[in-house]
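Architecture at a glance
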Amino acid sequence: MKKSVIILALALGASTLSLTAQDQGGAPSAGERPSIREGGRGGPGGPGGRGGFHLLPPRAQEQLNLTSDQQKQLAALEVEVKAKIEKILTPEQLKQLQQMRPPPPQGGMGRGRPGGAGGGQGGPGAESSPQRPAQEQ
Amino acid sequence: MNSVKILIILLTVGLSLASLHAGQPEWPQFRGPNGSGIAAADAHPATTWSGAQNVKWKVALPGPGSSSPIIAGERVFITCYSGYGDGSSGAGPEKLQRHLVCLERNSGKVLWDKSVPAELPEDEYSGNLREHGYASNTPVTDGERVYAFFGKTGVLAFDFDGRQLWKVNVGKQSSNRRWGSAASPILCQNTVIVNAAEEGRSVLALDKLTGKEVWKTEVNSLELSFVTPVLVECAGGRSDLALAVPGEMWGLNPDTGKLRWFAQTGITGNVSPSLVAADGIVYATGGYPRQGTIAVRAGGKGDVTQTNVLWSSQSASYVPSPVVCQGHLYIISDQGSAICLEARTGKLVYKERLPGVTGGKPFYASVVLAGGHLYATSRRNGTFVVQAAPTFTLLAQNKLADDDTDFNGTPAITGKQLFLRSNRYLYCIESGAGG
């Protein structure tokens, strides 16, 4: 039973890791992209606010309105699962995992308000790194 | 002189005439040569006109459109649409037709009008699509053939006599906004390059003689890029195909469609204005909800954000594209501001509100430059002529009072002539011509 819980947790972790990363990409801190201002270039990026390993994405945790007891249990499970993953993966794989970029947004860039009749412009798009064409070698 | 010599002379003259006929078109694509918005150095169109002055001819079009005329020798080409979204009562998208019209440049005589039925599904005439309609992509010509992009109906090639040579479908999707098709095709060597972001989240190169696909780059993040790409010469003589998507500018290999470089731009949401390139630098403007303008030195490999982004500015335009000339970037924004930035630094030189423009988005057409003058056509308040200089000087505001339809198309210029389209007419403006 304990083994199946860990497998389930690992599967959840794998599926939500990318969601977590996408969350971070979709809500970057102000310095994570060049600012648009007169005459100069934006500064270097700041750290993400909600990084780290999560079994449930922070945004989902907020929406689920978890109790403090549930949050504690989830945090404990995250520590446990993270430790297990670190034992399973090789140091090189762990390094790769830490360097993985957030996945591109699926199903379109825009998530904002739709354009109104004769004047609306639609809302802002998702601001994570966009998917790019294949790189020339 | 013997007959052989005469034959040689005749052949030489014939070949010379043939090359003249197939020479570089004067205004071959959206915003003229390489999309610069700048006419040939010897162009000097009128700076003032009205319904009674300097209008050489005026011809009723088969329907509205936001595309620009193009010019090749004695021919002018323009696209329009009819049957749906043009005031036709009770009609649905199945009645929509696109037109490619060829006119005689000096007389305005319609030489031919090819109508092409829309292939369904087509976006409904609602929301922002009403801002520009179904004929917003400007055709492109190599001087022998003309290539029209009709959105989900495809890319079509015609000869100069109106014979259809080929037709290629480039997708039937819509963006999540359903704003319709807008990007214009360009030519690169023997290919027609099409930003089909709206129709298929792709950029394609088609063989210009056969329509056969040479390469196709398909990525979801192209969505909401309505940009006409531009060819830019980089250091070392390499040419890159520059394109802006929400959040980034890309430099593609024009022979393969592979990504050479990219830069983060901060221009997010959607990108409508076309890119402009000068001296190896590409300028992009646009974005929503905030607009911005950015200058990126083309070239390099991979992420060039830290090395090649020269400057960014909040002075920007949502739809109209800029021109860059003699060290300055000129923007006439959708809201009616004339903006001049230093091309090297992005420093704001001036920002002046054009007088008398009303409404939230009074400009849809892009500014063009000829004879040291900027020509900025507003939807309803005429064409403003501004000195192309770092000091703002408004020279004229030219209205064609008997035409109450929108002027959404960017003018085309050759020699003394300026071609202006409204949703009802195509005008040839020329100094010394009567009303």
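The rules behind the values
Residues numbered from 1 in each chain as written. Chains lettered and ligands numbered in written order. Predicted model: local features only at pLDDT ≥ 70, side-chain atom pairs only at ≥ 80, totals over all residues. Helix = DSSP H or I, 4+ residues; strand = E, 2+ residues; numbered from the N terminus. Buried ≥ 20, exposed ≤ 12 C-beta atoms within 10 Å, placed from the backbone. Contact = placed C-beta atoms within 7 Å. Pairing = 2+ DSSP bridges. Axes fitted to C-alpha atoms, helices over the stretch in contact; angles between N-to-C directions. Domains from an automatic or database assignment. pLDDT = per-residue confidence, 0-100. Core = buried A, V, L, I, M, F, W, Y, C linked by C-beta atoms within 7 Å.

1. Observations concerning the overall build of chain B
Helix and strand content of chain B: three helices and 33 strands. With respect to the principal axes defined by its C-alpha atoms, chain B has extents near 70 × 55 × 50 Å. Per-residue burial for chain B yields a buried fraction of 57% across its 435 residues. Across chain B, every contact between residues at least 6 apart in sequence was considered, and the portion connecting residues at least 24 apart equals 57%.

2. Description of the overall build of chain A
Along chain A, the regular secondary structure elements total four helices and zero strands. Evaluated residue by residue, chain A yields a buried proportion of 18% over its 137 residues. Taking the contacts inside chain A whose residues are at least 6 apart along the sequence as the reference set, 54% of them involve residues at least 24 apart.

3. Considerations on the sheet that holds strand S23 (residues 323–325) of chain B
All names here are of chain B. With antiparallel pairing, four strands are arranged side by side in an open sheet as S23-S24-S25-S26. Both edges of this open sheet fall to S23 and strand S26 (348–353), since each of them pairs with a single strand only. Strand after strand, the sheet turns through a mean of 15° between neighbouring axes, direction not considered. The pairing of strand S24 (residues 328–332) with strand S25 (residues 337–342) spans five bridges and is classified as antiparallel. Bridge assignment links tyrosine 330 to a residue of S25, and that residue is cysteine 340.

4. A few points about the domain arrangement of chain B
For chain B, the assigned domains are domain 1 (42–64 + 361–435) and domain 2 (232–321). Relative placement of domain 1 of chain B and domain 2 of chain B: their C-alpha centres are 29 Å apart.

5. A short note on the sheet that holds strand S10 (residues 186–188) of chain B
Residues and elements named next belong to chain B. Ordered by their spatial adjacency, four strands build an open sheet running S10-S11-S12-S13, and the pairing between neighbours is antiparallel. If you trace the sheet from one side to the other, it starts and ends with S10 and strand S13 (213–218), each paired once. Each adjacent strand pair in this sheet contributes to an overall mean axis angle of 20°, direction not counted. Direction of pairing for S10 relative to strand S11 (residues 191–196): antiparallel, over a ladder of three bridges. Opposite cysteine 188, over in S11, you have threonine 191 as the bridge partner.

6. Some points on the pairing of strand S19 (residues 281–286) of chain B
All names here are of chain B. With respect to burial, S19 is a largely interior element, five of its six residues being buried. Across three bridges, the pairing between strand S18 (residues 276–278) and S19 is antiparallel. The partner of valine 276 across the bridge, within S19, is tyrosine 283. Counted between consecutive antiparallel strands, the loop separating S18 from S19 contains two residues, among which aspartate 279 sits at a positive phi close to 55°. Pairing analysis gives six bridges linking S19 to strand S20 (residues 292–297), with the strands arranged antiparallel. Within S20, the residue paired with alanine 284 across the bridge is isoleucine 294.

7. What to know about the confidence of the model for chain A
Residues and elements named next belong to chain A. For chain A, per-residue confidence averages 53 on the pLDDT scale, and residues scoring 70 or more make up 28% of the total. Model confidence for chain A, summarised as mean pLDDT per element, is weakest for helix H1 (residues 2–26) at 40 and strongest for helix H3 (residues 68–88) at 81. Per-residue pLDDT stays below 50 along residues 7–51; that stretch engages in 85 contacts with residues further than four places along the chain or on separate chains. The model gives residues 101–126 a pLDDT under 50, and that stretch makes 76 contacts with residues more than four places away or in other chains.

8. Quick notes on the confidence of the model for chain B
With 95% of its residues at a pLDDT of at least 70, chain B reaches an overall mean of 94. Taken together, the stretch residues 13–21 of chain B has pLDDT below 50 and engages in one contact with residues farther than four places along the chain or on a different chain.

9. Observations regarding the nonpolar core
All names here are of chain B. Membership of the largest hydrophobic core comes to 125 residues, with the highest contact counts inside it found for Ala242, Leu275 and Val282. Residue-level mapping places this core at the junction of two domains, with at least three residues from each of domain 1 (42–64 + 361–435) and domain 2 (232–321). Not counting residues within four places of it along the chain, the set of residues in contact with alanine 242 comprises Pro229, Val230, Val232, Met249, Gly251, Leu275, Ala277, Val282 and Ala298.

10. Quick look at the pairing of S13(B)
Residue and element names in this part refer to chain B. In terms of strand pairing, strand S12 (residues 202–207) meets S13 through five bridges, oriented antiparallel. Along S13, the bridge assignment pairs alanine 205 with tryptophan 215. Between S12 and S13, which follow one another and run antiparallel, lie five residues, and glycine 211 among them has a positive phi close to 80°.

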